[in-house]
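Results of the structural survey
Chain by chain, the residues run as shown.
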Amino acid sequence: MGMGRRWWGAAVQDLCLKPALAVWGGLAAIAAVLAFWGSVRWAAAHPHGGLGWDEASYVNIALRDLYRWRHEGPLSWARGMIGDDRIRPPAYRILGAPFAIASGGDPFWMRFSSILTFAIAVVLLGLTAWQLVRRAAGSTAISAAATVAATVAIAAIVPGLLHPIHHFYTEAPLFLGTVLVLLGLFWGWGDRDRRSRWAWGVWGVGLALGLLSKASFALMAGGMMAVAFLVIWRRWATGPALWEFVAASALGGAIAAPWWWRNWGAALGYAKFSADFAIHNIGPPGAPVTAGRWLAVALQLGLGVGVTVLLLILAIAALGRLVTGGGRRWWRSPPVLAMGICLAGVPWLPLASIFSLNQNPRLVAPIWIPLVLAAAIALDRLGWTRRMGWAAIAIVPLVPQAIVIFEPLIHRAASHRRPPWAQLTPFHSPALDPVWFNKPIDVMTLQDQWDWTPLMRLAVARGVKRPTIAYFLWHWQLEPPAIQYPWRRDRSAEPPVEQLLQEGSERGELNWDEILDRAARHEIVLALQFPDDGAGDNAQSQRNREFIRRFSDRPGYDKPIALPTSADPPDRAPQIIVFFKQ
């Protein structure tokens, strides 16, 4: 009789849980499919190497690795991983290398390596959530499955995670390394008998992958591990043995050591250069106004308004649980302590960004991973993955964010006009313009990309195999790595490219004689000719036209050649004006 009652009670409980699982599972399935498809679509729609300075540079470096593999052998390739790019750790190149080698250097497959890496990271993040709520908290399988679905659903709509992974960037292995650290740390959390003997190895590989992605990873991982060590040492929860902290750190350090031993000076120097990159500055370092502006940018463009609202609701509900009674036991439970460990890794990268000159939100991208896991734990502990009503309330802010991100997937044209409601950036001001890019609506939006192959063909036809190139005013498509890509793709080395004026130099007086003399040192000189309306930037357009007029009279150069760009619509597209030295 007792067994029958227990069976009946469990059946009724499962029946109540299934609607909540359907809500979270449905959102997770839709978001995950759209995120994967949209990222693959984006990667395939931009075939001419990297888009923008960073990705174009990374693609060119990967092509250099491919040349080493094909013409110099695996040992030379391995040496190149350590010595070719001394300022950036090579994890993204290592993970992308099999795809580059198999495809012959196709940029789509390099990007696909990032997409696939992130997909694996999200699956493992869901497995980490399962460990924490099914094993540590003793939730039912259906309840734990709903929490896993919530983890996937949130991760699939965070702009700061989605935007980097459909580019060939350094962030994808950084995300995977972060997840592996969390998985190794929390495997068997709350029940050491269930802990795998190899969990410390997963943890150590995650540390290595993170350290071989970005130097700043150490701040986030160090914050989480320090608090986890305190929790285990004080015996507030059971988890990894103290020796595992040492073993995982030693393994991660040993794997990362060959690269860092040789390149630590250059890498830390580049980290300082990045911190001082003032183009993305929105205020005095460390000032309260800078912190406020940074939050406005990071929460809207990095985390997303919808997920931010959900986190605020969860924080209020958790504080309410503490105030209304029984909260101390709740706060000292192993899953909630794990949530605190996740949050312990969050503040350090934002503080480093706020106290530097560079407030680019991409610099803090990995903190969204532990925040997503902390949100999933809170949803489970508050019962919002078990009760249909609360599950429906929780997804209310998430659905609009998902719609905003995935709305561009129904439009193929890069020139699609974005609806006003899709901006979803209520806290914008002109002071935020230096870092106000890649809104949630922009994540899946196709962009114009210029093909520089015709320029290379013209140069080769004139017998100039590796010319020196200069270009006048900056344009986001007119960047050295993008111009160099066709040469790097088809040959062993790219031509040097000089930028004659830095971004923002179109304002103020120009020393035309100096500019023209510098340009005349190169075999190819480029400038942009905008339509008469200036394409929205009259100052830049006028300066370009003036440069073209003056340089057209320069002796020793052929008459200029106009190359069309791939911009859309054609009547507003600039032309690339090319001057070849005679």
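Since the structure is predicted, the reported quantities are computational estimates derived from the model, not experimental observations.

**Section: the overall build of the protein chain**
Each helix and strand in the protein chain was counted, giving 23 helices and 5 strands. Taking all 582 residues of the protein chain together, 54% fall into the buried category. Sequence-distant contacts in the protein chain: of pairs separated by 6 or more residues, those separated by 24 or more amount to 78%. Summing over all exposed atoms, the protein chain offers an accessible surface of approximately 24900 Å²; the carbon and sulfur share of this is 63%.

**A closer look at the pairing of strand β3 (residues 524-529)**
Counting buried positions along β3 gives 5 out of 6 residues, so the element sits mostly inside the fold. With 6 bridges joining them, β3 and strand β5 (residues 575-580) adopt antiparallel strand pairing. Within β5, the residue paired with leucine 528 across the bridge is isoleucine 576.

**Here's the deal with the sheet that holds β5**
The strand order β2-β1-β3-β5-β4 describes an open sheet built from 5 strands, whose pairing is mixed. With one partner strand each, in any of the chains shown, β2 (497-499) and β4 (561-564) form the two edges of the open sheet. For this sheet, the mean inter-axis angle between neighbouring strands, taken without regard to orientation, is 25 degrees. This element, helix α21 (residues 480-490), spans β1 (469-471), β2 and β3 of the sheet and lies at about 150 degrees to β1.

**Describing empty space enclosed by the protein**
For the structure on display, the rule yields 4 cavities of 30 Å³ or more. Estimated volume of the largest cavity: approximately 130 Å³. If you trace the largest cavity, you find 13 residues lining it, with Gly160, His163, Leu301, Pro361 and Arg362 closest to the centre. Considering every element that reaches the lining of the largest cavity, the biggest residue donor is helix α7 (residues 159-165), with 4 residues. Among the residues making up the lining of the largest cavity, the classes are represented as 7 nonpolar, 5 polar and 1 charged.

**Examining the packing of helix α2 (residues 53-71) against α21**
A pair of packed helices is captured by two measures, namely the crossing angle of their axes and the spacing between those axes. For the pair α2 and α21, interaxial distance at closest approach is 8 Å and the crossing angle is 20 degrees. Classified by the angle between their axes, α2 and α21 sit roughly parallel to one another. Here the hand of the crossing between α2 and α21 comes out left-handed. Contact with α2, carried on its side by Trp53, Ala56, Ser57, Val59, Asn60, Leu63 and Arg64, involves Pro480, Pro481, Ala482, Gln484, Tyr485, Arg488 and Arg489 of α21 and no other residues of that element.

**Section: the confidence of the model for the protein chain**
Interpreting fine coordinate detail is not advised for predicted regions of low pLDDT. Across the protein chain, pLDDT averages 85, with 88% of residues at or above 70. Here helix α14 (residues 327-331) stands out as the element of the protein chain with the lowest mean pLDDT, 64, in contrast to helix α8 (residues 171-186), whose mean of 96 is the highest. Below a pLDDT of 50 lies the segment residues 1-12, which in the model reaches 0 contacts outside its immediate sequence neighbourhood of four places, other chains included.

**Side note on helix α6 (residues 141-155)**
With 15 residues, α6 ought to run about 21 Å at 1.5 Å a step, and its terminal C-alpha atoms sit 21 Å apart, in line with that. Most of α6 sits inside the fold, with 13 of its 15 residues counted as buried.

**Examining the nonpolar core**
Most often, soluble globular proteins keep nonpolar side chains buried together rather than apart. Of all hydrophobic cores here, the largest spans 110 residues; its most connected members are Trp24, Phe186 and Phe406. Not counting residues up to four positions away in its chain, the partners in contact with phenylalanine 186 are Thr128, Gln131, Leu132, Ala338, Ile341, Cys342 and Leu373. Of all hydrophobic cores here, the second largest spans 22 residues; its members include Leu478, Leu526, Leu563 and Val578.

**Focus: the layout of surface pockets**
Looking at the second largest pocket, its volume works out to about 590 Å³. Along the wall of the second largest pocket there are 29 residues; nearest its centre are Leu311, Ala315, Leu343, Leu371 and Ala374. Of all elements in the fold, only α12 (288-303), α13 (305-323), α15 (334-344), α16 (348-354) and α17 (368-381) reach the threshold of two or more residues within the lining of the second largest pocket. Each residue belonging to the lining of the second largest pocket can be placed in one class, and the counts come to 27 nonpolar, 2 polar and no charged.

**So, a nonpolar patch on the surface**
On the surface, a cluster of nonpolar side chains totalling about 470 Å² of accessible area is made up of Phe229, Leu230, Trp233, Trp236 and Leu242. By residue number, the principal contributor to the nonpolar patch is helix α10 (residues 217-233), which donates 3 residues. On the secondary structure map, leucine 242 appears in helix α11 (residues 242-275).

Rules used throughout
Residues numbered from 1 in each chain as written. Predicted model: local features only at pLDDT ≥ 70, side-chain atom pairs only at ≥ 80, totals over all residues. Heavy atoms only, no water. Helix = DSSP H or I, 4+ residues; strand = E, 2+ residues; numbered from the N terminus. Buried < 20%, exposed > 50% of the residue type's maximum accessible area, 1.4 Å probe, protein only. Contact = heavy atoms within 4.5 Å. Areas by Shrake-Rupley, 256 points an atom, 1.4 Å probe, with all protein chains shown as cover. Pairing = 2+ DSSP bridges. Axes fitted to C-alpha atoms, helices over the stretch in contact; angles between N-to-C directions. 1 Å grid on protein atoms, 1.4 Å probe; cavity = no way out; pocket = protein on both sides within 12 Å on 5 of 7 lines; lining within 4 Å. Points joined across faces, edges and corners; volume = space filled by probe spheres on them. Nonpolar A, V, L, I, M, F, W, Y, C, P; charged D, E, K, R; others polar. Parallel < 35°, antiparallel > 145°, perpendicular 65-115°, else oblique. Left-handed = near helix turned anticlockwise from the far one by under 90°. pLDDT = per-residue confidence, 0-100. Expected span 1.5 Å × (residues − 1). Core = buried A, V, L, I, M, F, W, Y, C linked by side-chain atoms within 4.5 Å. Patch = residues over 30% accessible without salt bridge, like charges linked within 9 Å, V, L, I, M, F, W, Y side chains within 5 Å. Salt bridge = Lys/Arg side-chain N within 4 Å of Asp/Glu carboxyl O.

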